Amino acid sequence: MSIYDTLNEQQKKGVFTTEGPVLILAGAGSGKTRVLTHRIAYLIDSKGVNPWNILAITFTNKAAGEMRERVDKLVGFGSESVWVATFHATCVRILRRYIDRIGYDNNFTIYDTDDSKSVMKDVCKKLDIDTKMLKERTILGAISSAKDNLISPLEYDSSAAGDYTKRKIAAAYIEYQSLLKKNNALDFDDIIMKTVELFKSCPEVLESYQNRFKYIMVDEYQDTNTAQFELIRLLASKDKNLCVVGDDDQSIYKFRGANIRNILDFEMVYPEAEVIKLEQNYRSTQNILDAANAVIKNNAGRKDKALWTDKGAGNRIHFRSFDNAHEEADYIAGDIRKKARERISDYRDCAVLYRTNAQSRLLEESFIGLNIPYNVVGGVNFYARKEIKDILAYLKTIDNARDDLAVRRIINVPKRGIGAASVNRVQAYADAKGISFYDALTQMYDTPFPASSKSEQRIKDFITMIRSFRTKLEFCTLEELITDVIETTSYVKELEQEGDEEAKERIQNIDELITKLVSFEQEREELGEKATLSGFLEEVALVADIDGVSGDDNKVLLMTLHSAKGLEFANVYLSGLEDGIFPSYMTINSDDASAIEEERRLAYVGITRAQKDLTITYAKQRMIRGETQYNPVSRFVKEIPDKLLDNTLSANKAGSNTYGTEPYNKMSKDEYSAKHAKDLFKSKPYGAGQGAKGAANSWTAAADYLESYNRKSEREKLSDTVFDKPEAKSGATIVVKKKLVPSKKGAGAANALEGITKGMPAAAAALEYKTGDRVRHIKFGNGTVLNIEKETRDYKITVDFDEYGNKIMYAAFAKLKKV
DNA sequence: CGTACTAGTCTTTTT
DNA sequence: GACTAGTACG
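Residues numbered from 1 in each chain as written. Chains lettered and ligands numbered in written order. Predicted model: local features only at pLDDT ≥ 70, side-chain atom pairs only at ≥ 80, totals over all residues. Heavy atoms only, no water.

(A) The overall build of chain A, seen in detail. When you go through chain A residue by residue, the secondary structure sums to 35 helices and 20 strands. A buried classification covers 53% of the 819 residues belonging to chain A. Relative to all contacts within chain A whose residues are 6 or more apart in sequence, the contacts with residues 24 or more apart total 74%. Total accessible area on chain A stands at roughly 36,500 Å², and carbon and sulfur atoms take up 50% of it. (Helix = DSSP H or I, 4+ residues; strand = E, 2+ residues; numbered from the N terminus. Buried < 20%, exposed > 50% of the residue type's maximum accessible area, 1.4 Å probe, protein only. Contact = heavy atoms within 4.5 Å. Areas by Shrake-Rupley, 256 points an atom, 1.4 Å probe, with all protein chains shown as cover.)

Laid out in structure tokens, this is it:
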């Protein structure tokens with residue numbers, strides 16, 4: 001009995017085909033990680049390959065960690081020498097050793113998206129680029145995709161001739177890159193691109209890695225971009241023992257530069273490649289797979305394959321539709337609680353997936369309401385929080401004096417009276433002399449002479465402080481250093497004085513950062529290495545949201561469909577399946593027909609996350625960015641045959657023609673939404689529970705629609721009716737007025753109006769609670785209403801919260817719920 | 001120099 | 001609705 005006996009024939013082929021290029025097309029849930037880990041074991045145990053000669057590359061730290069763990073179990077001795085890491089971590093390791101050969105310092109810092117944006121701001125200012133016409137994001141996006149495609153600033157510039165915008169971007173790219181270099185910093189894309197550059201300009205470095213990595217494996221190959229492809233191609237070009245694993249149907253990162261051709265054309269690049277298909281799925285029931293297959297088959301130009309399972313048909317897919325997103329969220333939370341109470345599933349076996357991060361909020365409210373433990377993956381990255389970035393900027397300043405961005409970030413944080421004027425003076429000096437900000441600071445102020453002014457003294461103090469931290473770095477542990485930084489700067493002390501909930505949260509985050517630093521230090525010590533500050537900063541720069549997710553806690557997971565790739569759950573809820581949300585407006589209206597195919601692959605990924613039960617939900621009405629939208633059922637739901645659903649479209653109210661089940665094409669968001677708003681108002685007045693602003697926005701949408709179709713008289717009627725109503729002093733009307741008057745939008749949809757005017761006074765007049773009632777707030781929990789005060793725009797509510805004490809808040813924003 | 005308020009933007013997805 | 005950058009004012 002060997003460890004390979006449990007593999008199926010195709011999987012065995014993948015494991016035993018060790019020489020030459022191999023393409024493993026692995027459908028969802030077909031055991032690709034098993035194949036990769038067993039392959040590594042086989043190379044070491046049976047082929048006598050030195051673990052040192054094996055490289056396995058993944059996209060996320062989480063995937064790398066899991067692979068490492070499984071390899072350790074299978075291999076035993078020597079497995080720690082196998083190089084298992086993400087693309088970015090691999091490249092950073094190489095660059096730390098050799099980047100000085102292409103003109104950077106080996107202790108370079110890594111800039112995150114925020115950092116890149118501040119640099120770009122400086123660039124735009126310097127080059128006089130009007131950021132109203134050409135946004136920083138747009139420029140950064142263009143630069144990022146240039147780097148993904150290995151296009152240098154100069155190459156970009158020479159291809160830009162004649163195109164005004166492109167030339168501006170080219171100039172920005174050149175300046176941006178030279179600023180990064182001056183700061184001794186790399187952005188995310190540079191990490192890959194500079195490694196390729198290094199390999200191309202230093203053949204001896206490339207050769208040393210080619211000799212080391214005799215066997216290379218790449219996971220999630222469908223997500224590689226051109227730069228990553230080139231990196232792998234270079235590394236593998238000597239022995240060509242390259243095994244790539246992927247699924248073209250799960251390619252969902254085009255926006256990040258992933259090139260699906262890398263996997264589709266693998267056999268053209270490597271004609272001798274062995275192609276192995278894994279089509280048996282070990283994860284899901286046949287009904288779920290049939291649904292997934294039915295959806296994905298609508299895509300053209302994919303590698304032909306079909307998933308199958310020897311599991312039974314299983315339950316049909318649950319399809320539910322709701323009047324609004326609140327009801328949708330309540331249903332999902334309720335259903336999960338039911339499963340947990342009846343001991344059908346633990347919380348940890350449930351995941352709710354959605355298209356955009358913003359959709360998590362309503363779900364969270366419902367989960368809090370029912371006391372269900374949950375975790376949201378993603379959203380605001382821990383390391384992107386202000387307080388964390390501040391502390392890290394101190395550490396970066398101590399570690400790498402050339403990082404201007406970090407120094408400028410903290411020179412006056414916490415406030416120490418060094419203002420914009422001083423900063424600008426120093427920056428001007430630095431620019432004139434072509435030196436770093438910190439060097440300018442020391443040259444100007446680090447003199448033996450006593451300070452001639454208060455502000456000068458403050459700067460002198462700052463320099464002394466940084467210098468003492470640097471000394472400390474040499475003698476103390478990292479833990480002592482970070483505690484010293486926090487103490488000396490009084491960072492936490494200031495937060496304590498603020499004392500509010502937000503400040504408490506920030507302090508907790510800082511504590512968590514210290515914990516992370518301490519455990520980093522311990523880990524390194526256990527490995528017998530010295531924990532360096534640069535090492536910590538580097539690890540921190542390369543973490544992804546999904547990395548911190550573990551199945552240890554018994555909690556429901558909420559995340560985007562993108563984050564869910566690679567995971568599986570007994571119960572999966574796909575929420576917000578509406579044309580306009582998923583697929584998104586952007587892709588529906590895109591000129592590029594392949595955009596919708598990428599969304600469909602995302603749907604395929606979502607469906608195939610489910611092992612046992614898949615629930616798909618749809619809400620007729622949903623608030624997006626403070627704007628109410630009405631969308632039809634997602635076209636992807638319609639691609640699933642009725643017989644696989646427990647609640648078919650035609651039998652479902654949501655699917656009836658009243659709300660327009662036809663997917664729409666090339667229609668503006670407002671136009672579309674207004675059309676459906678009208679339908680909805682016709683059948684049902686605007687609900688009293690809806691916020692005033694929601695009503696107003698729906699009205700605006702309806703009005704916009706009518707305006708665009710020149711239905712002037714209807715619009716005027718709408719407007720007149722609103723202001724004729726004596727009770728129209730409600731918050732809603734005020735909001736409508738505000739929107740209406742400046743934009744001179746006159747009149748509108750009679751149908752829509754009827755519903756709105758009925759609903760609006762109700763919305764503002766009828767608070768569902770009164771003084772003395774118990775209410776619940778999403779953040780502060782339960783409390784008692786002490787006082788309600790009517791103001792012109794809204795109600796001012798005083799609540800005594802059980803845990804947080806007295807708070808005064810406005811009804812429209814607090815969204816208190818009676819309990 | 002620091003603060004408080006306002007206007008504008010955002011969101012499709014992220015290593 | 002949330003956040004941020006920019007501005008006017010003390």
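Once you've had a look at it, read on.
(B) Fine view of the protein's contact with DNA strand B. The local shell around DNA strand B holds 25 residues, among which Phe59, Arg137, Arg355, Gly419 and Met586 are the closest. Sugar plus phosphate: this is where 62% of the atoms of DNA strand B within 4 Å of the protein reside. One nitrogen or oxygen atom from the side chain of His88 is found 3.4 Å from a base oxygen belonging to DNA strand B. Within the side chain of Ser563, an N or O atom sits 3.3 Å from a phosphate oxygen of DNA strand B. Among the secondary structure elements, those contributing two or more residues to the surface near DNA strand B are α19 (420-433) and α26 (561-564). (Near = heavy atom within 4 Å. Polar contact = N/O pair within 3.5 Å; in protein donor to acceptor, adjacent residues only side chain to side chain.)

(C) Broad picture of the nonpolar core. Residues Leu392, Leu441, Phe462, Phe469, Ile482, Ile510 and Leu513 are the most contacted members of the largest nonpolar core, which totals 50 residues. Of the residues forming this core, the biggest block, 8 residues, is contributed by helix α24 (residues 501-526). When near neighbours in sequence (up to four residues on either side) are disregarded, Phe469 contacts Tyr394, Ile398, Leu481, Asp484, Val485 and Thr488. Membership of the second largest hydrophobic core comes to 48 residues, among which are Ile57, Phe87, Ile192 and Val205. (Core = buried A, V, L, I, M, F, W, Y, C linked by side-chain atoms within 4.5 Å.)

(D) Inspection of the sheet that holds strand β2 (residues 54-58) at higher detail. Pairing is parallel in the open sheet, where 6 strands are placed in the order β3-β2-β6-β7-β1-β8. Two strands in the sheet have a free side with no partner beyond their single neighbour: β3 (83-86) and β8 (274-278). Across the sheet, the axes of successive neighbouring strands diverge by a mean angle of 15 degrees, strand direction being ignored. Sheet topology places strand β1 (residues 22-26) next to strand β7 (residues 242-246); 4 bridges connect them, and they run parallel. Bridging across to β7, Ile24 finds its partner in Val245. Seen against the sheet, helix α3 (residues 61-75) touches β2 and β3 and runs at an angle of roughly 160 degrees to β3. In the packing of helix α11 (residues 226-236) onto the sheet, contacts are made with β2, β6 (215-218) and β7, and the angle to β6 comes to roughly 160 degrees. (Pairing = 2+ DSSP bridges. Axes fitted to C-alpha atoms, helices over the stretch in contact; angles between N-to-C directions.)

(E) Focus on the packing of aromatic side chains. Throughout the structure, instances matching the rule amount to 17 aromatic pairs. Ring centres of Phe266 and Tyr270 lie 5.0 Å apart, and the angle between their planes is 40 degrees; this geometry places the pair in the tilted category. Using a relative accessible area of 1% as the deciding quantity, one classes Phe266 as buried. Look at Phe367 and Tyr374: their rings are 5.8 Å apart centre to centre, the planes differ by 40 degrees, and that puts the pair in the tilted class. Residue classification places Tyr374 among the buried residues on the basis of a relative accessible area of 18%. Aromatic ring contacts, followed pair by pair, group Trp83, Tyr98, Phe199, Tyr209 and Phe213 into a single cluster. The ring of Phe382 has Lys516 sitting right over it, with the charged end atom 5.2 Å from the ring centre. (Phe/Tyr/Trp six-rings, centres within 6.5 Å; stacked < 30°, edge-to-face > 60°. Lys NZ or Arg CZ within 6 Å of the ring centre and 35° of its normal.)

(F) Examining the environment of Leu95 more closely. For Leu95, the location among the structural elements is in helix α4 (residues 87-98). Taking relative accessible area as the criterion, Leu95 reaches 0% and is therefore assigned buried. Those residues in contact with Leu95, other than ones at most four positions away along the chain, are Asn106, Phe108, Leu186, Ile191, Lys194, Thr195 and Leu198.

(G) Helix α21 (residues 454-475), seen in detail. The terminal C-alpha atoms of α21, which comprises 22 residues, lie 32 Å apart, in line with the 32 Å expected from a rise of 1.5 Å per residue. Listed as buried for α21 are Glu456, Ile459, Lys460, Phe462, Ile463, Met465, Ile466 and Phe469. (Expected span 1.5 Å × (residues − 1).)

(H) Geometry of the side chain of Asp249. Along the polypeptide, Asp249 turns up in the loop between β7 and α12 (261-264). Looking at Asp249, its side chain comes within polar contact range of the side chain of Arg302, at 2.8 Å. In this structure Asp249 touches Ile296, Arg302, Lys305, Arg601 and Tyr604, once residues within four positions along its chain are discounted.

(I) Quick peek at unusual backbone geometry. Residue Pro414 is reached from Val413 by a cis peptide bond, and omega for that bond is -5 degrees. Relative to the helices and strands, Pro414 is located in the loop between α18 (404-410) and α19. In the segment running from Phe582 into Pro583, the intervening peptide bond is cis, with an omega of 5 degrees. Residue placement: Pro583 occurs in the loop between β13 (569-574) and α27 (585-588). The backbone of Asn371 shows a phi angle near 60 degrees, a positive value even though the residue is not glycine.

(J) Looking closely at the pairing of β6. Neither face of β6 is open: one carries Tyr215 and Met217, the other Ile216 and Val218, and all of them are buried. Of the pairings in the sheet, the one linking β2 to β6 comprises 4 bridges and is parallel in character. For Leu55, the partnering residue across the bridge sits in β6 and is Ile216. Both β6 and β7 contribute to a ladder of 3 bridges, which runs parallel. For Val218, the partnering residue across the bridge sits in β7 and is Val244. Handedness of the crossover joining β6 and β7 through α11 is recorded here as right-handed. (Right-handed = clockwise from strand over helix to strand, strands pointing away.)

(K) Geometry of the pattern of salt bridges. Under the definition given, this model contains 48 salt bridges. Between Asp190 and Lys147 there is a salt bridge, and its shortest N-O distance comes to 2.9 Å. Pair noted here: Asp190 is in helix α9 (residues 188-201) and Lys147 is in helix α6 (residues 136-148), with a separation of 43 residues, a long-range link. Of the two residues, Asp190 and Lys147, both sit in the buried class. In this structure, Glu599 and Arg355 form a salt bridge, with 2.5 Å as the shortest nitrogen-oxygen distance. Placement of Glu599 in helix α28 (residues 594-607) and of Arg355 in the loop between β10 (350-354) and α16 (360-369) is noted, with a sequence separation of 244 residues between them. With respect to class, Glu599 is no different from Arg355; both count as buried. One salt-bridge network, held together by shared partners, links Lys32, Asp219, Glu220, Asp223 and Lys565. (Salt bridge = Lys/Arg side-chain N within 4 Å of Asp/Glu carboxyl O.)

The values are spatial; any link to function lies outside them.
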